[in-house]
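Chain residues, written in single-letter form:
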Amino acid sequence: MRAFIQRLIKPPTHPDSDQNQLARILHYTLLLGILLAGGYSLLLWPTAEDPSGTIISGGITIVFAFLLLILQRGHVHFISVALILSSYLAIMISLFINGSLRDEAGLVLIGLLAMAGFFFGERGTVALGLLTIFVFIVLFAAEQMGILAEDEHLMLVS
C-alpha cells in the first residue's frame, strides 16, 4: 500500500522534456484538486444544508483521482483535455443547479480559460470562450422565460 501511495505522489517522467514538464504540472494540479475538493466535501458534508456543493466537489475528487491514475500511464495530452473539460462540466452543472448566472462558480471560468490557454493554445481558449458565451446566453434566456429561478436553487434544501 505504501508503494502505491508513493507511486501516486511521485510525478510521472517522460523522455521528451516538454511532455515531462506538462506531466509534472498536470500531476501536481490533479493532486491539489483532489486535496482541495475532497477536503471541502469531507469538511462540509455533515453540516451542509444544501448538498449540491458537496456532491459536485466529491464528484470532482473522484474524476481527478481517475485522471491521476491515467496520467501515471503516460497519457499526458488526454489528461490535459479531460482536466479542462471535466472542470468545465462541473462548473456548468453548478451554474444550472445553484442559481444560474448568480452562482460564484461562474467566476472560476476566468481561471479555467487561462488554463485552457496554457494546455490548448489560442484555438482551444477561443472555442471554450465562445461556448461559455453561449451557455451564459442560454442561462440568461432561461431566467427571462422563467425556466430557471433568478434567486433560488434547483436543488431542494431540507
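(A) View of the nonpolar core. Residues Leu26, Leu30, Tyr88, Met92 and Leu109 are the most contacted members of the largest nonpolar core, which totals 26 residues. Elements with a contribution of two residues or more to this core: helix 2 (17-44), helix 3 (52-72), helix 4 (76-97), helix 5 (105-120) and helix 6 (122-144). No other element matches the 9 residues that helix 4 contributes to this core. Apart from the residues lying within four places of it in its own chain, the contact partners of Met92 are Leu109 and Val135.

(B) Focus on the packing of aromatic side chains. Inspection of the entire model under this criterion finds 1 aromatic pair. With a centroid separation of 5.1 Å and an interplanar angle of 70 degrees, the aromatic rings of Phe118 and Phe119 are classed as edge-to-face. Look at Phe118 and you get exposed, because its relative accessible area is 52%. On the basis of relative accessibility, which here comes to 14%, the residue Phe119 falls in the buried class.

(C) Here's a closer look at the packing of helix 2 against helix 3. The N-to-C vectors of helix 2 and helix 3 enclose an angle of 150 degrees; their axes lie 8 Å apart at closest approach. Between helix 2 and helix 3, the crossing angle belongs to the class labelled roughly antiparallel. As helix 2 runs across helix 3, the sense of the crossing is left-handed. Residues Ala23, Leu26, His27, Leu30, Leu31, Gly33, Ile34, Ala37, Gly38, Tyr40, Ser41 and Leu44 of helix 2 form the contact with helix 3, whose own contacting residues are Gly53, Thr54, Ser57, Gly58, Ile60, Thr61, Phe64, Ala65, Leu67, Leu68, Leu71 and Gln72. Split by residue class, the contact of helix 2 with helix 3 holds 14 nonpolar, 10 polar and no charged.

(D) Summary view of a nonpolar patch on the surface. On the surface, Phe96, Leu131, Phe134 and Val138 cluster together to form a nonpolar patch covering roughly 340 Å² of accessible area. Of the residues forming the nonpolar patch, the biggest block, 3 residues, is contributed by helix 6. One can find Leu131 in helix 6.

(E) Representation of the confidence of the model for the protein chain within the structure. The pLDDT averaged across the protein chain works out to 80; a share of 87% of its residues lies at or above 70. Here helix 1 (residues 2-9) stands out as the element of the protein chain with the lowest mean pLDDT, 73, in contrast to helix 2, whose mean of 89 is the highest.

(F) Representation of helix 3 in the model. For helix 3, spanning 21 residues, the distance from its first C-alpha to its last is 30 Å, which sits close to the expected 30 Å at 1.5 Å a residue. Among all positions in helix 3, only Ser52, Thr54, Ile56, Ser57, Gly58, Thr61, Phe64, Leu67, Leu68, Leu71 and Gln72 are buried.

(G) Local environment of the side chain of Thr132. Along the chain, the position of Thr132 falls in helix 6. By relative accessible area, Thr132 is classed as buried at 7%. In this structure, Thr132 is in contact with Tyr88, Leu109 and Leu113, ignoring residues within four places of it in sequence.

(H) Expanded view of the side chain of Gln72. Note on placement: Gln72 falls in helix 3. Excluding anything up to four places from it in sequence, Gln72 contacts Arg7, Leu8, Lys10, Pro12 and His27.

The rules we used
Chains are numbered independently. Their residues run from 1 in the order of the written sequence. Given that this is a predicted model, residues contribute local features only at a pLDDT of at least 70 and side-chain atom pairs are listed and counted only at 80 or more, while totals for whole chains, interfaces and linings are drawn from all residues. Only hydrogens and water are removed before side-chain values are computed, so all heavy atoms of the structure are retained for them. To define a nonpolar core, start from buried Ala, Val, Leu, Ile, Met, Phe, Trp, Tyr and Cys residues and group those joined through side-chain atoms within 4.5 Å. Residue exposure (1.4 Å probe, protein chains only): buried if accessible area is under 20% of the type maximum, exposed if over 50%, otherwise partly exposed. Secondary structure elements follow DSSP: runs of H or I no shorter than four residues count as helices, runs of E no shorter than two count as strands, and numbering proceeds from the N terminus. Between two residues, a contact is recorded if the distance between any of their heavy atoms is within 4.5 Å. In this scheme Phe, Tyr and Trp rings, the latter by its six-membered ring, pair at centre separations within 6.5 Å, and the angle between planes marks the pair as stacked below 30 degrees, edge-to-face above 60, and tilted otherwise. Angular values range over 0 to 180 degrees, each being the angle between N-to-C directions of two axes fitted as lines to C-alpha atoms, with helices fitted over their stretch in contact. Working definition: roughly parallel below 35 degrees, roughly antiparallel above 145 degrees, roughly perpendicular at 65 to 115 degrees, and oblique for all remaining angles. Handedness of a crossing follows from how the near helix is turned relative to the far one, being left-handed for an anticlockwise turn of less than a right angle and right-handed for a clockwise one. By the convention adopted, Pro, Cys, Tyr, Trp, Phe, Met, Ile, Leu, Val and Ala count as nonpolar, Lys, Arg, Asp and Glu as charged, and the other residues, Gly among them, as polar. Here a patch means residues that are over 30% exposed by relative accessible area and free of salt bridges, tied together within 9 Å if like-charged and within 5 Å if nonpolar (Val, Leu, Ile, Met, Phe, Trp, Tyr). Only the protein chains shown count as cover for residues, and the accessible areas themselves come from Shrake-Rupley with a 1.4 Å probe. Salt bridges are defined by distance alone: a side-chain nitrogen of Lys or Arg within 4 Å of a carboxyl oxygen of Asp or Glu. Confidence of the prediction at every residue is given by pLDDT, a number between 0 and 100. Helix span, as expected, comes to 1.5 Å for every residue beyond the first.

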